[in-house]
Structure formats: C-alpha cells, structure tokens
Amino acid sequence: MTTRLVRAAAPVKKPAPAPRTPRRDSPWTPWLYLLPALAVLGGLLVYPVYQLGLISFLEYTQAQVSGGEPTSFQGFANYTALFADPQFRQVLLATVVFAAACVVTTLAVGCSLAVLLTRVRALPRLLLMLAALGAWATPAVTGSTVWVFLFDPDFGPVNRLLGLGDFSWTYGRYSAFALVLLEVVWCSFPFVMVTVYAGIRAVPSEVLEAAALDGASQWRTWRSVTAPVLRPILVVVTIQSIIWDFKLFTQIYVMTNGGGIAGQNLVLNVYAYQKAFASSQYGLGSAIGVVMLLILLAVTLVHLRLLRRQGEEL
C-alpha cells in the first residue's frame, strides 16, 4: 500500500519541447533600421548633388537667376569650356601638387610626434596632447586669421624674430602657398598624431623587444616592424588627409584674400567659388564642383576598397 502511494505521488515527467528553429530575418530588416539616416542624408546630400549636376548642364547666369532670360540646356558645353580653359588646368595642377605637399608634411609631422609621445613621460605627453587637440579644435577661419597676423609684414612677430623686415609672405606665389601649408599642417597633424599614437600603443611589446634584441636601430624598427603593423591606420589617415586637403577652401580664401594676386594661389574650391559667385557663371562653377566630386569619389572608392582588402587580410 505504501509503495503504491509513493508511486502515485511521484511527479510525471513532461516531454521536452521540440527545439525551435531560428527565425530568419528579412533581408530588408537592416535597411529599415538605416531608413531614418538615409532619409536625412538624402535630403542633405542627394538633392544638392542632383541640383549641382543639373545646373552644370544649363546656361545659368545672373540673367537666368533674376528671370530676365530663360534657362536653356547646354549639354556638355560648360565642361567643354572648362577643360579648354588653360587657367582651369593650371589650377587643377596647383591643387593636386599643393594637396600632395600638405598630405606628405602632415603625415611626417603627425607620425614623428606620435613616436615622440611614446618616448616622453606622462606630463609632457599630456601637455602635448592638449596643445595638439587645441589646434585641432580651432575653427579654420580663426586659425587662418591668427596665422596671417603672426606673419604680418608690419605687426607680426615672426618677421621680427627672423629678421625679415617688411617681407610679405602673401605677395609671392610660393611663399603664400608655404604659409597656407604651415597653417593646414598645424590644424591637421593632431588627427594623424593621435591616430598613429593609438596604433603604436597597440603594437605588441614582444615584437619590439625582439627587434631590439636583434640589434635593430630605432629607424629600422619603425620601418620594418612598426610601420607594417600600422599599415591599415596609415592608409586611413592618408586617404582622409587627401580628401580634406584637396577640397581646401577657408585657409586659401582667408590667408591669400580670395586666391592671391591675379589668382596665383587659386585652388579648385576657390576657383569654383569665383566662377559661380564673383562672375555669376553658376553653370561653370557647378561643372567645377562636379569635377571635384568625381575626383573625391574616386579617392573614396579606393579608400573603401583598401579598407575591405585589409579587413579580409586581418
């Protein structure tokens, strides 16, 4: 009798539930999450680019803006006139050379200071980081105005320290470009310095110790050990610097007073501004903007391709 009661009180085991098959999300689910951002970007980017491209195919001057004459479709006439203009080819070459000089100098200064940050103590490193971030956070107009004052031929302290008298840095073409280059490097190197410094700190110490035990010098260690490890970071900062320096506008416009004497310091962005707003040739200025957009788009595609390739290697 007792045995029957114990058996009756024993809990009855329920069968285990069948495993659920994982639910497959729709391939459109990620796009639903991205839809708000895409809508904002569409309003802020796609529509202006569409208008830029449309105006570049039209005869669109002050007469059409004021309604005095009708707008007419010109096809590729603006682009034909643009590439036939020797000044445009000169400005394009000057833009490429100047941007390349800015990128190379910025990378050299930023990487050198990043290595220096790894060799100094905590307090000097903190002070250098704060000074660099202060330069990086300074607005371009403010920084350009300060640099013009520093190199002013009458009141600037730089000419007095160097004993140059009333030498005008913005009068000559190359001296003006050199002055702008210094300001661009001053406000751009902190990004390279901080990024490369973070990459150097991520290099395994065992690798550096092995290089030191093998008798490698500091330069040899940087060139053969550190630089290959930092290659993905160096590619990113190089492409970013190319994009920033190629579309430079504020520094040139402020420091050379709109492009220098007789346009000797023009770059593409300032040249497009002069054609569109100073000469009221909005169609031609839009064509210059489209050419810049295509060049930067090609650089961006190379950037993305390199990032994807490095991601596969990693």
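Above this text you will find the structure in question.
Predicted model, so just to flag it, every value in this text is computed and none were measured. (Residues numbered from 1 in each chain as written. Predicted model: local features only at pLDDT ≥ 70, side-chain atom pairs only at ≥ 80, totals over all residues. Heavy atoms only, no water.)

K.L.:
For this particular structure, what's the right way to read the environment of Gly259?
P.N.:
In this fold, Gly259 is placed in the loop between helix H13 (250-255) and helix H14 (268-278). Counting along the chain gives 12 residues from Gly259 to Tyr271, while the straight-line C-alpha distance between them is 8.0 Å. Ignoring sequence-local partners within four residues, the contact set of Gly259 consists of Ile252, Gln264, Asn265, Leu266 and Val270. (Helix = DSSP H or I, 4+ residues; strand = E, 2+ residues; numbered from the N terminus. Contact = heavy atoms within 4.5 Å.)

K.L.:
Even after reading the chapter, I still don't get the nonpolar core, so can you show me in this structure?
P.N.:
Most often, soluble globular proteins have nonpolar side chains that are buried together. Ranked by internal contacts, the top residues of the largest apolar core, which has 37 residues, are Leu82, Phe98, Val180, Ile252, Leu268 and Tyr271. Take this core: its biggest share by element is 8 residues, from helix H15 (residues 282-313). Apart from residues lying up to four places away in sequence, Val180 is in contact with Phe98, Leu248, Gln251, Ile252, Met255 and Thr256. Leu113, Ala132, Phe189 and Ile200 belong to the second-largest nonpolar core, a separate cluster that totals 19 residues. (Core = buried A, V, L, I, M, F, W, Y, C linked by side-chain atoms within 4.5 Å. Buried < 20%, exposed > 50% of the residue type's maximum accessible area, 1.4 Å probe, protein only.)

K.L.:
So what exactly am I meant to see when it comes to a nonpolar patch on the surface here?
P.N.:
A contiguous nonpolar patch, built from Trp28, Trp31, Leu34, Leu38 and Leu41 and spanning about 580 Å² of accessible area, is present on the exposed surface. For Trp31, the position within the fold is in helix H2 (residues 29-55). (Patch = residues over 30% accessible without salt bridge, like charges linked within 9 Å, V, L, I, M, F, W, Y side chains within 5 Å. Areas by Shrake-Rupley, 256 points an atom, 1.4 Å probe, with all protein chains shown as cover. Salt bridge = Lys/Arg side-chain N within 4 Å of Asp/Glu carboxyl O.)

K.L.:
What am I meant to see in helix H4 (residues 77-84) here?
P.N.:
Quick reminder: α-helices carry 3.6 residues per turn. Residues three or four places apart thus point the same way. Those residues of H4 lying buried are Asn78, Tyr79 and Leu82. Considered in projection along H4, the buried side chains sweep an arc of 95 degrees and stay on one side of the axis. Those residues of H4 that are exposed and aimed more than 90 degrees away from the buried face are Thr80 and Ala84. (Arc of directions from axis to C-beta.)

K.L.:
Mind showing me how you'd approach the packing of helix H5 (residues 86-117) against helix H12 (residues 231-246) here?
P.N.:
In helix packing, the relevant descriptors are the interaxial angle and the interaxial distance, both defined with respect to the helix axes. Where H5 meets H12, the closest approach of the two axes is 9 Å, and the angle between their N-to-C directions is 140 degrees. On the basis of their axis angle, the class for H5 and H12 is oblique. Read as a crossing pair, H5 and H12 show a hand that is right-handed. On the side of H5, the interface is formed by Thr95, Val96, Ala99, Cys102, Val103, Leu107 and Cys111, while H12 contributes Leu234, Val237, Thr238, Ser241, Ile242, Asp245 and Phe246. Considering only residue class, the contact of H5 with H12 consists of 10 nonpolar, 3 polar and 1 charged. (Axes fitted to C-alpha atoms, helices over the stretch in contact; angles between N-to-C directions. Parallel < 35°, antiparallel > 145°, perpendicular 65-115°, else oblique. Left-handed = near helix turned anticlockwise from the far one by under 90°. Nonpolar A, V, L, I, M, F, W, Y, C, P; charged D, E, K, R; others polar.)

K.L.:
Sorry, what's going on with the packing of aromatic side chains here?
P.N.:
Geometry of an aromatic ring pair is reported as the spacing of the ring centres plus the angle between the planes. Evaluated as defined, the whole model comprises 20 aromatic pairs. With 6.3 Å between their ring centres and 25 degrees between their planes, Phe57 and Phe73 make a pair best called stacked. Of this pair, Phe57 sits in the loop between H2 and strand E1 (58-59) while Phe73 sits in strand E2 (residues 72-73), placing them 16 residues apart in sequence. Consider the rings of Phe249 and Tyr253, whose centres lie 5.3 Å apart with planes at 15 degrees: the pair is stacked. One aromatic cluster in this structure is built from Tyr60, Phe249, Tyr253, Tyr273, Phe277 and Tyr282. Note that Arg173 overlies the ring of Tyr174, its terminal NZ or CZ placed 5.9 Å from the centroid. (Phe/Tyr/Trp six-rings, centres within 6.5 Å; stacked < 30°, edge-to-face > 60°. Lys NZ or Arg CZ within 6 Å of the ring centre and 35° of its normal.)

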